[in-house]
Amino acid sequence: MPIQTHAAHLTSASLSRVVPAHLMTGLATRLATRVATRLVVSAVAACLALSLPAQAETEAPSSLSLVSAQQVPSDAPALKLPEGATLERLASLDSPRMLHLTDAGELLIGSRAERVYRAQLTPDGNLSAVKTLVELSGYPHSLVVRGDKLYVATTAALLVADYSPGESLTRDDFRELIALPGGGGHNSRTLSLGPEGDLYLALGIQGNCSNQYLAGSEQGYSFSERRGGVLRLEESGDAPHWQPWASGLRNPVGLTWQLGIEGEPRLLATNNGPDHWGYEQPRELVVAAREGSFHGMPWHQWVDGRWQADDCITSDSPRKRDEIAAPLAEIPARSAPMGIAVVPPEHPLAADMDVVVAVHGSWGTAPSGNAAGDPASRREPRLLGLKLATPDTEARLVPVLTGLQDSSSGQRWIRPLDVLFGPDGSLYFTSDSGAAGLYRLTFD
């Protein structure tokens, strides 16, 4: 059955939780007019067909469409959501980042604000008040609970503390388990708990063309230069150490595990492409980060369905071009994809997409790709559904939540950062700027 979609059924009271009034100054009349005149938007026009190896670019229709609300308060942005979906702002938070749901139903959230947040998930998908669990320096971007331990990834180290549900913590409860390649540039460190209980961590290279290689111990790369991909924590010896898992990724932020075609779990990663090729190329990627896989960057960029050499770096690529893994999907350049979540099999969205990606929106403007142009030309923040490529089909993009950026001024009131499905099918996401906080999409 086709899934119809429409903008949020938001009352004036609920909208005040979604979009603070001070962010909407000067937008009310313009947005109300736009909502009234655009009642139906087809996702067919909005979807992007993607070019993958040996495949032509074609328009890929979807059964999911986006329809504007017929009754939207005059101070509302032109939000568009799936049919029957409702958007709520659950909490106002300072710069929240990655989400983690524990086996005990606790929702934990990292942040740029040197805080780890915590709330208890109730059976109906609601949350208790979101409170600060602990304050930690060094940018606690992401965290996971494994057994009776809480692991927090900062830019330069993986921290660990003894933990039980509901327990209070202080920074003195944490110790450094193992160092990480730190430094500036892309300084987020994303943790993921693998299906066998192993810890995986994603980190980017410093810039567009940094001569850094995560699997480069034998090529003379120092510890601080082993960046750009996914590491696995090896814990079987006397002391834990990092093992390269997947390399050649410029800035992977989102990690999630999915059952592949053969039924084996595979690690999916979002990857932010470089800035120096302009506004349209190269596109952002979603890849399968497999053990030993190489994804080309910064020596090669994925353009028009093939890998092209990048002359901004003078060192030789550590792997041959024919060893570079093709992506599973492309997202328009300068989109800044962040968190990624697998859609549950029986979910209302499952027929149209395999995963949902939080698209943060880059600072790059058209046509040059630098930050000096018209802010309204920047890629919109949004939640984006993806049907991933298979050997027989191309990837497809399907909008899930749009209308988060004013088309005239470029002002962004919500910028999705991470996404997570709850046990009841609710889709939680963070926004780290604009109306920063924790949000929930519920589905009838």
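### Brief notes about the packing of aromatic side chains
Tallied over the entire structure, the rule returns eight aromatic pairs. Ring centres of Tyr213 and Trp299 lie 6.0 Å apart, and the angle between their planes is 85 degrees; this geometry places the pair in the edge-to-face category. On the criterion of sequence distance, the pair formed by Tyr213 in the loop between β15 (199–203) and β16 (229–234) and Trp299 in the loop between β21 (293–294) and β22 (300–303) is long-range, its members being 86 residues apart. Relative accessible area serves as the criterion here: at 3%, Tyr213 is assigned to the buried category.

### Overview of the layout of surface pockets
Estimated volume of the largest pocket: approximately 890 Å³. Lining the largest pocket are 35 residues, with Leu99, His100, Leu101, Leu193 and Leu420 positioned closest to its centre. Breaking the lining of the largest pocket down by element, the ones donating at least two residues are β6 (96–101), β10 (142–146), β14 (190–193), β18 (252–259), β25 (337–342) and β29 (414–421). The residue inventory of the lining of the largest pocket, partitioned by class, reads 22 nonpolar, nine polar and four charged.

### What about the sheet that holds strand β5 (residues 85–92)?
Hydrogen bonding along the main chain pairs the strands of a sheet, whether they run parallel or antiparallel. If you trace the four strands from one edge of the open sheet to the other, you get β5-β31-β30-β29, paired in antiparallel fashion. Looking at strand neighbours, the two that pair on one side only are β5 and β29, the edges of this open sheet. Taken over all neighbouring pairs, the strand axes of this sheet differ in orientation by 25 degrees on average, direction set aside. Taken together, the seven bridges between β5 and strand β31 (residues 437–443) define a ladder with antiparallel strand orientation. The partner of Ala85 across the bridge, within β31, is Phe443.

### Thoughts on the confidence of the model for the chain
Here the chain averages 85 in pLDDT, while 83% of its residues score no lower than 70. Note on residues 1–63: pLDDT under 50 across the span, and 162 contacts to partners over four residues away in sequence or across chains. Counting contacts from residues 67–72, a segment whose pLDDT is below 50, to residues more than four positions away or on other chains yields 18 contacts.

### Structural notes on unusual backbone geometry
Of note, the amide linkage connecting Met297 to Pro298 takes the cis form, showing an omega dihedral of 5 degrees. Structurally, the position occupied by Pro298 is in the loop between β21 and β22. Backbone torsion omega between Ala366 and Pro367 reads 0 degrees, so that peptide bond is classified as cis. Here the phi dihedral of Asp304 falls at roughly 55 degrees; this positive angle occurs in a residue that is not glycine. With respect to the secondary-structure elements, Asp304 resides in the loop between β22 and β23 (306–309).

### Some remarks on the sheet that holds β6
The four strands lie next to each other as β6-β7-β8-β9, forming an open sheet whose pairing is antiparallel. For this open sheet the edge positions go to β6 and β9 (131–135), each flanked by a neighbour on one side alone. On average, each strand axis in the sheet is inclined to that of its neighbour by 25 degrees, with strand direction left out of account. Pairing of strand β8 (residues 115–120) with β9 involves four bridges; the strand directions are antiparallel. Bridge pairing in β9 links Arg118 to Lys131.

### Re the environment of Asp432
Summarising the element assignment, Asp432 is placed in strand β30 (residues 427–434). Given the relative accessible area of 11%, Asp432 is considered buried. For Asp432 and His360, which are 72 residues apart along the polypeptide, the C-alpha to C-alpha distance reads 9.1 Å. Among all residues touching Asp432, those that are not within four sequence positions of it are Ser95, Pro96, Arg97, Arg112, His360, Arg415 and Leu417. A distance of 2.8 Å separates a polar atom in the side chain of Asp432 from a polar atom in the side chain of Arg97.

Quick notes on the rules
- Residues numbered from 1 in each chain as written.
- Predicted model: local features only at pLDDT ≥ 70, side-chain atom pairs only at ≥ 80, totals over all residues.
- Heavy atoms only, no water.
- Phe/Tyr/Trp six-rings, centres within 6.5 Å; stacked < 30°, edge-to-face > 60°.
- Helix = DSSP H or I, 4+ residues; strand = E, 2+ residues; numbered from the N terminus.
- Buried < 20%, exposed > 50% of the residue type's maximum accessible area, 1.4 Å probe, protein only.
- 1 Å grid on protein atoms, 1.4 Å probe; cavity = no way out; pocket = protein on both sides within 12 Å on 5 of 7 lines; lining within 4 Å.
- Points joined across faces, edges and corners; volume = space filled by probe spheres on them.
- Nonpolar A, V, L, I, M, F, W, Y, C, P; charged D, E, K, R; others polar.
- Pairing = 2+ DSSP bridges.
- Axes fitted to C-alpha atoms, helices over the stretch in contact; angles between N-to-C directions.
- pLDDT = per-residue confidence, 0-100.
- Contact = heavy atoms within 4.5 Å.
- Polar contact = N/O pair within 3.5 Å; in protein donor to acceptor, adjacent residues only side chain to side chain.

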